[in-house]
Amino acid sequence: MNDSILVFVHIPKTGGVSLFTYLSSHFKKEEIAVFTPILPKHDILDIVHMCNAPNSNIRFIEGHLPYGIHRHLNRPCEYITFVRDPIEQLLSMYFFIRRNEEMPLHDEVNQITFQQFLMHPDWKELNNNPQCRYLGLTQTFGESISDPSTWWSPGSTFRNTYLVKQFLREQYRFIGITEYMDVSIKELARMFKWAVPADIPHENRAHKRYSRSQLSPETHSLILERCSLDLKLYEYALQLFHERYRVR
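Everything numeric in this text was worked out from a predicted model, so none of it was measured. (Residues numbered from 1 in each chain as written. Predicted model: local features only at pLDDT ≥ 70, side-chain atom pairs only at ≥ 80, totals over all residues. Heavy atoms only, no water.)

A. Spotlight on the overall build of the protein chain. Scanning the protein chain for helices and strands turns up 11 helices and 5 strands. The buried share of the protein chain, reckoned over its 248 residues, is 52%. Within the protein chain, contacts between residues at least 6 apart in sequence are counted, and of these 71% link residues at least 24 apart. Element-wise, carbon and sulfur atoms account for 49% of the exposed surface of the protein chain, whose accessible area totals about 12400 Å². (Helix = DSSP H or I, 4+ residues; strand = E, 2+ residues; numbered from the N terminus. Buried < 20%, exposed > 50% of the residue type's maximum accessible area, 1.4 Å probe, protein only. Contact = heavy atoms within 4.5 Å. Areas by Shrake-Rupley, 256 points an atom, 1.4 Å probe, with all protein chains shown as cover.)

Structure, rendered in structure tokens:
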């Protein structure tokens, strides 16, 4: 990777905690910068300053931050990420927030149904194509890095099929698939010439949630409406994954 910084765009509930455990084992503590938005006084500007400081040791950035931080850094970046079946990702997010009291929206989400969660107008970053938003397919990073609200500014349009594939191929060195976690981590290890782990960690799973088969037809239709772009993204990412690693 030379002097570049590896950036892990951690889309919530895509198996990122498991991946971070594995990735971080290949870096020293002083080489890692973690962005955790739920922590008080935690600002992405801290990450930028740490990376741009003279003689910075940072070589790996991880966190729930969208694509685009490279525009504010003085070193090149390489992006990696994982994507997940959108229906499974939404279900996992909803029940994860309900289960964890430290989550900012816990009290509100604990009082509403999954369908109400999907329809909430103020939670677009969670319920309206969240994976596309993180990967930079529906919006820009924003000019003001100190203002998180600009990170979710809507872009012009969703790129057409060709441009989506081109963007993913060119901007992300690696895109793993949560449903192929074991294969993904093994291929990632081979890419960076790391030892392939004997056991793949599976952490931070949401327990006690119902499955997609229990969704009502109305709720299923709502997901198709709210996350139509994420569904396209997942289809494209799967195709790219199969092409690169010949997984069947």
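Picking up after the structure, the text goes on.
B. The pattern of salt bridges, seen in detail. This structure, assessed with the given rule, holds 7 salt bridges. The residue Arg190 makes a salt bridge to Glu187 at a minimum N-O spacing of 3.4 Å. Pair noted here: Arg190 and Glu187 are both in helix H9 (residues 181-191), with a separation of 3 residues, about one helical turn. Salt bridges sharing partners connect three or more residues here, namely Asp85, Glu88 and Arg212. (Salt bridge = Lys/Arg side-chain N within 4 Å of Asp/Glu carboxyl O.)

C. Focus on the packing of aromatic side chains. Applying the stated criterion across every chain, the model contains 19 aromatic pairs. Ring centres of Phe241 and Tyr245 lie 5.1 Å apart, and the angle between their planes is 65°; this geometry places the pair in the edge-to-face category. Taken as a pair, Phe241 and Tyr245 lie in helix H11 (residues 228-245) at a separation of 4 residues, close to a single helical turn. Like Tyr245, Phe241 is buried. Every member of this aromatic cluster is reached through a ring pair, and the members are Phe20, Tyr22, Phe27, Phe60, Phe192 and Trp194. In this structure, Lys13 is placed above the aromatic ring of Phe96, and the distance from its NZ or CZ to the ring centre is 4.0 Å. (Phe/Tyr/Trp six-rings, centres within 6.5 Å; stacked < 30°, edge-to-face > 60°. Lys NZ or Arg CZ within 6 Å of the ring centre and 35° of its normal.)

D. Seen up close, helix H2 (residues 44-52). Looking at H2, one finds that the buried residues are Ile44, Ile47, Val48 and Cys51. Projected down its long axis, H2 carries its buried residues within an arc of 95°, all on one side. Along its buried surface, H2 packs onto strand S1 (5-9), strand S2 (32-35) and strand S3 (60-63). (Arc of directions from axis to C-beta.)

E. Representation of the sheet that holds S3 in the model. Read from one edge to the other, the open sheet built from 5 strands follows the order S2-S3-S1-S4-S5, with strand pairing classed as parallel. Among the strands making up the open sheet, the edge pair consists of S2 and strand S5 (172-177). Going across the sheet, the axis of each strand differs from the next one's by a mean of 15°, ignoring polarity. As paired strands, S1 and strand S4 (residues 77-83) are joined by 5 bridges and run parallel to one another. Note on S4: the bridge partner recorded for Leu6 is Glu78. (Pairing = 2+ DSSP bridges. Axes fitted to C-alpha atoms, helices over the stretch in contact; angles between N-to-C directions.)

F. Structural context of a negative patch on the surface. Together, Glu101, Glu102, Asp107, Glu108 and Asp122 give the surface a local cluster of negative charge. Within the element layout of this structure, Glu108 appears in helix H4 (residues 106-109). (Patch = residues over 30% accessible without salt bridge, like charges linked within 9 Å, V, L, I, M, F, W, Y side chains within 5 Å. Lys, Arg positive; Asp, Glu negative; His and termini not counted. Charge placed at Lys NZ, Arg CZ, Asp CG, Glu CD.)

G. Region of interest: the nonpolar core. Residues Ile61, Ile69, Val83, Leu135, Leu168 and Tyr172 are the most contacted members of the largest nonpolar core, which totals 55 residues. With 9 residues, the top contributor of residues to this core is H11. Counting residues in each nonpolar core, the second largest holds 21 residues, with Tyr94, Phe117, Leu126 and Leu222 among its members. (Core = buried A, V, L, I, M, F, W, Y, C linked by side-chain atoms within 4.5 Å.)

H. How the structure looks around the pairing of S5. Where burial is concerned, most of S5 is hidden: 5 out of the 6 residues are buried. In this sheet, S5 lies alongside S4 in parallel orientation, the contact comprising 5 bridges. Bridge pairing in S5 places Ile80 opposite Phe174.

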